[in-house]
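Structural features, examined
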Amino acid sequence: MIETKPHLIIGGGIMGLSIGCRMLREGLSPVEIFEAGEIGRSSAAWVAAGMLSPRAEAGFEDMDIYEEGLRSLERYPSFLAALQEEVGEIVPEIDRCGALLCATNRDQARELDRQFEFRMRMGIPVQKLSGEEARDREPLLATKVIAALWLEADAQINNRTLLHALREAFVKRGGTVREHTPVSEIIVKDGEAIGVRTGDEERPCETITVAAGAWSSRIGGGSRSVAVRPVKGQMIGLRMTPQSRLRQPVRTPNVYLVPKDDGRLLVGATAEEVGFDARVIAGNVMELLHHAWELVPAIYDLEVEEVLAGFRPATRDHRAVMGRSNVHNLFYCTGHWRHGILMAPMAADTVVNAMLEAKTELAEPC
Ligand code: GLY
């Protein structure tokens, strides 16, 4: 019997899992995910805060990313509904909690004014609040908060629960996960990706999708034109008490605090160009906690549950690399910078649509 060659995905983070699930739904099978560490846990998505926050994160230079973020957020309900059909109640819900951008001094207030004007010009729904109005929305904010922007339409999700649900759905649909199996090389022959090398093994395949986040450019072979670098983010997980439960994510230019439905309060994050140095550094933790305490003094008494570092996959212009490459049967889904959780539905659609399109082209008579 001839074995059907598998579709391989390199990377078991939010992108690899989302793509794998969508491929199996579209009848592209079998699918195998190769993950250098543990599925979900070794990825940037594990360390992420899970903000679905295109309006809060919109930057002057990133309007395309903002538009794509909005489109991806619109797809979230159907993305989750498909998962729910497969694995039911373990799928997290979108928390449409809004987001607050705060200023704790005059410089930050001036910056907030610029951010407000920019959003108004771009037609992004936003409301300007005084310090008192901000505290009405979020009573835990410090009295030194003098102004804020309220972004009502932003949301968040429990990214860890989502990773778990995606893994379960992938396996339930017949997908295979191979953990602790780093891919050293993509084997290309005559302009076509034909397999991967992992240790001593060569695994032939139908297609390859590189969704290895910040590690995507480290894999040998493949398309040389994809350049992704790691931007380290350190993050602290605190345990909220009933008295210190924030209602929505709050942030200043220095820090964000994101309350999760499992009782964690995430304080993040640094953005460092230090390669793959995964150490958590005292000074950075101290600064993050200090900024967080200035914004929400009640964090002072909270238990520190975890301190983590993750690596955002960044391209030079912060645009993601999604879809076909210049090598036949080789696809990429990486470089989602700060927006991996938000972009997962759209990224999975883009990559799997590109695969289906390539397959149709091949089937068409010349
Ligand atoms: N999106 C949050 C971060 O990258 O820190």
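All of the points below concern the structure found in this document. (Residues numbered from 1 in each chain as written. Predicted model: local features only at pLDDT ≥ 70, side-chain atom pairs only at ≥ 80, totals over all residues. Heavy atoms only, no water.)

**Quick word on the sheet that holds strand β14 (residues 229-239)**
Here is the rule we go by: We treat two strands as partners when DSSP finds at least two bridges between them. Each helix is a run of DSSP H or I of at least 4 residues and each strand a run of E of at least 2, with the numbering of both proceeding from the N terminus. Only the stretch in contact is used when fitting a helix axis, every axis being a line fitted to C-alpha atoms; angles between N-to-C directions are given from 0 to 180 degrees.
Read from one edge of the open sheet, eight strands run β5-β6-β4-β15-β16-β17-β14-β18, paired in mixed fashion. Whereas interior strands pair on both sides, the edge strands pair on one side only; in this sheet they are β5 (127-130) and β18 (303-314). Along the sheet, successive strands turn relative to each other by an average axial angle of 25°, direction set aside. Sheet analysis places β14 next to strand β17 (residues 264-268), joined by five bridges and oriented antiparallel.

**Observations regarding the layout of surface pockets**
Basically, it comes down to this: Site definitions follow a grid-based scheme: protein atoms alone, a 1 Å grid, a 1.4 Å probe that fits but cannot get out for cavities, and for pockets an open set with protein on both sides within 12 Å along at least five of seven lines, plus lining residues having an atom within 4 Å of a point. Grid points are joined across faces, edges and corners, and a volume is the space filled by probe spheres set on the points. Residue polarity is assigned by list, with Asp, Glu, Lys and Arg as charged and Ala, Val, Leu, Ile, Met, Phe, Trp, Tyr, Cys and Pro as nonpolar; anything else, Gly included, falls into the polar class.
Within this model, the largest pocket holds a volume of roughly 860 Å³. When residues of the lining of the largest pocket are traced back to their parent elements, those giving at least two are α1 (14-25), α2 (44-47), β14, β18, β20 (330-334) and α9 (340-363). Looking at which element gives the most residues to the lining of the largest pocket, the answer is β18, with four residues. Classifying every residue of the lining of the largest pocket gives 27 nonpolar, 17 polar and five charged. When its volume is computed, the second largest pocket comes out at roughly 650 Å³. Lining the second largest pocket are 30 residues, and of these Arg 251, Thr 252, Pro 253, Asn 254 and Arg 338 sit closest to its centre. In terms of residue count, helix α5 (residues 106-122) provides more of the lining of the second largest pocket than any other element does, five residues in total. Among the residues making up the lining of the second largest pocket, the classes are represented as 11 nonpolar, 11 polar and eight charged.

**Digging into the sheet that holds strand β11 (residues 201-204)**
With mixed pairing, four strands are arranged side by side in an open sheet as β11-β10-β9-β13. On the outer flanks of this sheet lie β11 and β13 (220-221), each paired with one strand and no other. Examined bridge by bridge, strand β9 (residues 185-189) and strand β10 (residues 192-198) share five bridges and lie antiparallel to one another. Bridging from a neighbouring strand, Ile 186 pairs with Val 196 of β10.

**Observations concerning empty space enclosed by the protein**
Evaluation of the coordinates by the stated rule reveals four cavities of 30 Å³ or more. In this structure, the largest cavity occupies an estimated 70 Å³ of space. With three residues, the top contributor of residues to the lining of the largest cavity is helix α4 (residues 63-87). Residue composition of the lining of the largest cavity, grouped by class: six nonpolar, four polar and two charged. The space that makes up the second largest cavity amounts to roughly 60 Å³. Together, Ile 65, Glu 68, His 318, Arg 319, Ala 320, Gly 335, His 336, Trp 337, His 339 and Met 343 line the second largest cavity. A per-class count over the lining of the second largest cavity returns four nonpolar, four polar and two charged.

**Details of unusual backbone geometry**
Leaving glycine aside, a negative phi is the common case for residues, and trans is the common case for peptide bonds. Between Ser 29 and Pro 30 the backbone carries a cis peptide bond, its omega angle lying at -5°. One can find Pro 30 in the loop between α1 and β2 (31-34). The linkage connecting Gly 268 with the following residue, Ala 269, adopts the cis geometry, with an omega of -20°. If you trace the backbone, Ala 269 turns up in the loop between β17 and α8 (282-295). One non-glycine residue, His 180, lies in the positive phi region at around 50°. The backbone phi angle of Asn 329 is positive, close to 70°, even though this residue is not glycine. Note on placement: Asn 329 falls in the loop between β19 (321-324) and β20.

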